[in-house]
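# Structural overview
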Amino acid sequence: MPHAGEVAGPASVWGALRKLGARRLGHGVRSSEDPALVAHLAATQIPLEVNPTSNLCLNVYPDFSQHPLRRLWDAGVYLTVNSDDPPMFNTTLTAEYAVLVNHFDFTLAELERISLNAVAAAAPLGLTPVARQQMAADFRAQFADLRQRLGLPGQETADA
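First things first, this report covers the structure right here in the doc.

Rules and cut-offs
Residues numbered from 1 in each chain as written. Predicted model: local features only at pLDDT ≥ 70, side-chain atom pairs only at ≥ 80, totals over all residues. Heavy atoms only, no water. Helix = DSSP H or I, 4+ residues; strand = E, 2+ residues; numbered from the N terminus. Expected span 1.5 Å × (residues − 1). Buried < 20%, exposed > 50% of the residue type's maximum accessible area, 1.4 Å probe, protein only. Arc of directions from axis to C-beta. Pairing = 2+ DSSP bridges. Axes fitted to C-alpha atoms, helices over the stretch in contact; angles between N-to-C directions. Parallel < 35°, antiparallel > 145°, perpendicular 65-115°, else oblique. Left-handed = near helix turned anticlockwise from the far one by under 90°. Contact = heavy atoms within 4.5 Å. Nonpolar A, V, L, I, M, F, W, Y, C, P; charged D, E, K, R; others polar. Salt bridge = Lys/Arg side-chain N within 4 Å of Asp/Glu carboxyl O.

Turning our attention to the environment of asparagine 59. Looking at where asparagine 59 falls in the secondary structure, it is placed in the loop between α3 (52-57) and α4 (69-74). Remark: the alpha-carbon pair of asparagine 59 and glutamate 6, spanning 53 residues in sequence, is separated by 9.9 Å.

Below, the discussion takes up helix α6 (residues 93-104). End to end, α6 covers 15 Å across 12 residues, agreeing with the expected 16 Å (1.5 Å per residue, within 8%). The complete set of buried residues in α6 reads Glu96, Tyr97, Val99, Leu100 and Phe104. Summarising the axial view, the buried residues of α6 lie within an arc of 150°, below the 170-degree limit, and thus occupy one face. Away from its buried face by more than 90 degrees, α6 exposes Thr94 and Asn102.

Bringing unusual backbone geometry into the picture now. Even without glycine at this site, glutamine 45 takes up a positive phi of about 55°. Positionally, glutamine 45 belongs in the loop between α2 (35-44) and β3 (48-50). Overall, glutamine 45 belongs to the partly exposed group, its relative accessible area being 35%. For aspartate 105, which is not glycine, the phi torsion reads 55° and is therefore positive. Relative to the elements of secondary structure, aspartate 105 occurs in the loop between α6 and α7 (108-121).

Taken together, four strands build an open sheet; the order of strands is β1-β2-β3-β4 and the sheet is parallel. For this open sheet the edge positions go to β1 (3-4) and β4 (79-81), each flanked by a neighbour on one side alone. In this structure, β1 lies alongside strand β2 (residues 25-27), joined through two bridges in parallel fashion. Across the sheet, residue histidine 3 finds its bridge partner in β2, namely glycine 26.

Describing two packed helices takes the angle between their axes plus the distance from one axis to the other. Closest axis-to-axis distance for the α6/α7 pair is 11 Å, and the angle between their directions is 140°. Relative to α7, α6 is oriented oblique. For α6 against α7, the interelement crossing comes out right-handed. Within the contact between the two elements, α6 uses Tyr97, Leu100 and Val101 and α7 uses Leu111, Ile114 and Ser115.

Time to look at the packing of α7 against helix α8 (residues 129-149). Where α7 meets α8, the axes come as close as 10 Å, and the angle between the chain directions of the two elements is 165°. Judged by the inter-axis angle, α7 sits roughly antiparallel to α8. Considering the relative orientation of α7 and α8, their crossing is right-handed. Between α7 and α8, the contacting residues are Leu108, Leu111, Glu112, Ser115, Leu116, Val119 and Ala120 on the first element and Arg132, Met135, Ala136, Phe139, Arg140, Phe143, Leu146 and Arg147 on the second. Each residue belonging to the contact of α7 with α8 can be placed in one class, and the counts come to 10 nonpolar, one polar and four charged.

With that settled, consider the pattern of salt bridges. With the rule as written, the count across this model stands at six salt bridges. In this structure, glutamate 112 and arginine 147 form a salt bridge, with 3.1 Å as the shortest nitrogen-oxygen distance. Note that glutamate 112 is positioned in helix α7 and arginine 147 in helix α8, a separation of 35 residues in sequence. Given the relative accessible area of 4%, arginine 147 is considered buried. Three or more residues joined by partner-sharing salt bridges are found here, namely Arg70, Asp74 and Glu110.

Have a look at this one:
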């Protein structure tokens, strides 16, 4: 899986898609600079592995308010959230989820969807269909438990 669209701009994403036939991209956040690329990514549902804290640490964006994660999500781009290199960037996946809530106003249903996106996107990396279905069911059960613990049992859940 190629990494593109982090330090280098949208041209690197187009290159990974056209020349490498990428079906999943590490990073890709600078795709937001090219509306045609954003439209293409939304239409093709090629997953972008977004690492918000890493992007700030590497000075791709000065702060979360400048980061395009929410704009990409709202445009229908297929996103997963990741911690990149936790020891190097002093983060965890849990911390990245907190970033989604605190800086990008993600709802519980959106957190569930982005989690399930990661499960579905794992298929090309060798996760069998049965294992993927079980993992997705486990995620849904955990989110149902979380909704109940938060007193939000009636909230909308992510689609299958």
